[in-house]
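So the chains spell out like this:
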Amino acid sequence: MPDGSMIVAEDALLGMLFPFWQLVIGLCVLLALGAAAYRLAARGPSRMTTALVVTGGAVVGIVLLSYLAGGF
């Protein structure tokens, strides 16, 4: 536009379906996570302990990195 303003067009149907698709994707992720957790638990306690230690270390590392990056 000549005056520099922007026109934002929205699709009403897509706007109504967007939360539904987020729910569908979230349910698929939860289903995959549940299946992976079941398979990991079925492999035995030693694998489960290792997986929990690795996951916990990754979470602590991400939190530490985000804290350090946010401090500057």
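Residues numbered from 1 in each chain as written. Predicted model: local features only at pLDDT ≥ 70, side-chain atom pairs only at ≥ 80, totals over all residues. Heavy atoms only, no water.

Whenever I open this one, the overall build of the protein chain confuses me. Can you help?
Along the protein chain, the regular secondary structure elements total two helices and zero strands. For the protein chain, with 72 residues in total, the buried portion stands at 3%. Working note: accessible area of the protein chain is about 6,700 Å², and carbon and sulfur atoms make up 76% of it. (Helix = DSSP H or I, 4+ residues; strand = E, 2+ residues; numbered from the N terminus. Buried < 20%, exposed > 50% of the residue type's maximum accessible area, 1.4 Å probe, protein only. Areas by Shrake-Rupley, 256 points an atom, 1.4 Å probe, with all protein chains shown as cover.)

What's the story with a nonpolar patch on the surface in this structure? I'm lost.
Together, Phe-20, Trp-21, Leu-23, Leu-27, Leu-30 and Leu-33 give the surface a local cluster of nonpolar side chains, amounting to about 670 Å² of exposed area. Topologically, Leu-33 is positioned in helix H1 (residues 12-42). Overall, Leu-33 belongs to the exposed group, its relative accessible area being 56%. (Patch = residues over 30% accessible without salt bridge, like charges linked within 9 Å, V, L, I, M, F, W, Y side chains within 5 Å. Salt bridge = Lys/Arg side-chain N within 4 Å of Asp/Glu carboxyl O.)

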